[in-house]
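# Report on the structure
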Amino acid sequence: MRKRWAGGETDEFTPADIDGAGKQGVIVLAEFMTGIGPEGAKPFLETLVYAWNGSKFAHVKDVEKKLEDAKNADEVHARLAALKKRQ
């Protein structure tokens, strides 16, 4: 189950060929803050990947998993390019 975080800011919303084979989708990079306590108020980046399936945008968890710990938009795009080269 995906974690839900209150608040946040979208850093980037970009159309992309997410599988290297022309599958169109979008990548959303959003910055959120952790909650309260000793680890509270620390920002983190969440990368979300969706592909158009003909009627709606569907979550593409396998690609998202490969991008999830990227630190910024440049790193997400570099990883996506590397994934495309491997296919």
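Computed from a predicted structure; not experimentally measured. (Residues numbered from 1 in each chain as written. Predicted model: local features only at pLDDT ≥ 70, side-chain atom pairs only at ≥ 80, totals over all residues. Heavy atoms only, no water.)

This paragraph deals with the pairing of strand S2 (residues 24-33). Summarising burial for S2: 7 of the 10 residues are buried, a large majority. Here S2 pairs with strand S3 (residues 43-52) via 9 bridges, running antiparallel. Note that in S3 the partner of Ile-27 across the bridge is Val-49. (Buried < 20%, exposed > 50% of the residue type's maximum accessible area, 1.4 Å probe, protein only. Helix = DSSP H or I, 4+ residues; strand = E, 2+ residues; numbered from the N terminus. Pairing = 2+ DSSP bridges.)

This part covers the pattern of salt bridges. For the coordinates displayed, the defined rule picks out 3 salt bridges. The residue Asp-69 makes a salt bridge to Arg-79 at a minimum N-O spacing of 2.5 Å. Taken together, the positions of Asp-69 in the loop between helix H1 (61-67) and helix H2 (73-86) and Arg-79 in helix H2 put the pair 10 residues apart, joining distant regions of the chain. The class of Arg-79 is partly exposed, set by a relative accessible area of 24%. The network of salt bridges with shared partners includes Asp-69, Glu-75 and Arg-79. (Salt bridge = Lys/Arg side-chain N within 4 Å of Asp/Glu carboxyl O.)

Time to look at the nonpolar core. In this structure, Ile-18, Ile-27, Val-49, Val-60, Val-63, Leu-67 and Val-76 are the most contacted members of the largest nonpolar core, which totals 14 residues. Residue assignment for this core shows that the elements contributing at least two residues are S2, S3, H1 and H2. Once residues within four sequence positions are removed from consideration, Val-49 is found in contact with Ile-18, Val-26, Ile-27, Ala-58, His-59, Val-60, Val-63, Glu-64 and Leu-67. (Core = buried A, V, L, I, M, F, W, Y, C linked by side-chain atoms within 4.5 Å. Contact = heavy atoms within 4.5 Å.)

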